[in-house]
Amino acid sequence: MGAGVMKSGGGGNRRGRRRGRAQPMAEINITPFVDVMLVLLIIFMVAAPLMTVGIPVELPQTAASALPSDEEEPLTVTVTAEGGLMIQTTEVPQGELITRLQAIASERTGNRIFLRADGANAWNRVAEVMGALNAGGFSNIGLVTDVGGSDFGAGAPTALPSGG
């Protein structure tokens, strides 16, 4: 595919050389490979921003690790900075949250719900939504946060008191 054939130079010296014999070229043409890689890079650069959930919230930062992923995308309930509720990207009145979630969950195989809440919300509002989800029969609830928060010294070695 990338190797070619070079003809040998035909000089006047016939000793040790065969006339008209072709020698393989030792260079590989990588131009098609580079072209394909650049096209893939552009495709991934365009597609990556489209894979995020569309509700902008300032998530609190924690030191917790990520939950294992499922085959099916989990339902996402978002509490906005103003206190509004959204399922995926659709705004929902507070009184209809559980009935809509139960209707959606009846058609799905997974029962996991991710709860995203803006950091400007009071803990009381987030606890109300969690309680309503639990009372509605949803017990597999994951809180979504950003990484990079404090671990409160969990990774730091502890010093033993010196007794002397």
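What you are looking at is a predicted structure, and each value in this text was computed from that prediction instead of being measured. (Residues numbered from 1 in each chain as written. Predicted model: local features only at pLDDT ≥ 70, side-chain atom pairs only at ≥ 80, totals over all residues. Heavy atoms only, no water.)

## A closer look at the environment of Glu82
Now for step 1: Structurally, Glu82 is set in the loop between β4 (75–79) and β5 (85–87).
Now for step 2: A sequence separation of 38 residues divides Glu82 from Ala120, and the C-alpha atoms of the two residues are 8.5 Å apart. (Helix = DSSP H or I, 4+ residues; strand = E, 2+ residues; numbered from the N terminus.)

## Some details on the pattern of salt bridges
Now for step 1: In this structure the tally under the stated criterion is two salt bridges.
Now for step 2: As a salt-bridge pair, Glu96 and Arg100 come within 2.8 Å of each other at their nearest N and O atoms.
Now for step 3: On the basis of relative accessibility, which here comes to 35%, the residue Arg100 falls in the partly exposed class. (Salt bridge = Lys/Arg side-chain N within 4 Å of Asp/Glu carboxyl O. Buried < 20%, exposed > 50% of the residue type's maximum accessible area, 1.4 Å probe, protein only.)

## Comments concerning the sheet that holds β4
Now for step 1: Ordered by their spatial adjacency, five strands build an open sheet running β6-β5-β4-β7-β8, and the pairing between neighbours is mixed. Both edges of this open sheet fall to β6 (90–92) and β8 (141–144), since each of them pairs with a single strand only. The average angle at which neighbouring strand axes cross in this sheet is 30 degrees, direction not considered.
Now for step 2: Across three bridges, the pairing between β4 and β5 is antiparallel. Residue pairing across strands places Val79 opposite Leu85, the latter belonging to β5.
Now for step 3: Against the sheet, helix α2 (residues 97–105) touches β4, β5, β6 and β7 (113–117), its axis set at about 10 degrees to β5.
Now for step 4: Helix α3 (residues 123–135) rests against β4, β5, β7 and β8 of the sheet, and its axis sits at about 165 degrees to β7. (Pairing = 2+ DSSP bridges. Axes fitted to C-alpha atoms, helices over the stretch in contact; angles between N-to-C directions. Contact = heavy atoms within 4.5 Å.)

## A few points about the confidence of the model for the protein chain
Now for step 1: A residue-level look at the protein chain finds 70% of positions with pLDDT of 70 or above and a mean pLDDT of 75.
Now for step 2: When mean pLDDT is compared element by element in the protein chain, helix α1 (residues 31–47) scores highest at 91, while strand β1 (residues 5–7) scores lowest at 55. (pLDDT = per-residue confidence, 0-100.)

## Some words on the nonpolar core
Now for step 1: Grouped together as the largest cluster of nonpolar side chains are 15 residues, with contacts concentrated most on Val77, Leu97, Leu101, Ile113, Val129 and Leu133.
Now for step 2: Listing elements by their share of this core, those giving two or more residues are β4, β5, α2, β7 and α3.
Now for step 3: What Val129 contacts, discounting residues up to four positions off in sequence, is Val77, Val79, Leu85, Leu97 and Leu115. (Core = buried A, V, L, I, M, F, W, Y, C linked by side-chain atoms within 4.5 Å.)

## Description of the side chain of Arg125
Now for step 1: Locating Arg125 in the fold gives a position in helix α3.
Now for step 2: The exposure class assigned to Arg125 is buried, which follows from its relative accessible area of 16%.
Now for step 3: Those residues in contact with Arg125 that sit more than four places away from it in its chain are Val79, Gly83, Leu85 and Gln94.

## Comments concerning the pairing of β4
Now for step 1: Among the five residues in β4, five count as buried, and that is most of the element.
Now for step 2: By the alternation rule, side chains of β4 split into Leu75, Val77 and Val79 and Thr76 and Thr78, which are all buried.
Now for step 3: One ladder, built from five bridges, connects β4 with β7; its direction is parallel. When the sheet's bridge partners are listed, Val79 is paired in β7 with Ala117.
Now for step 4: Connecting β4 to the next strand, β5, in antiparallel fashion are five residues, including Gly83 with a positive phi near 95 degrees.

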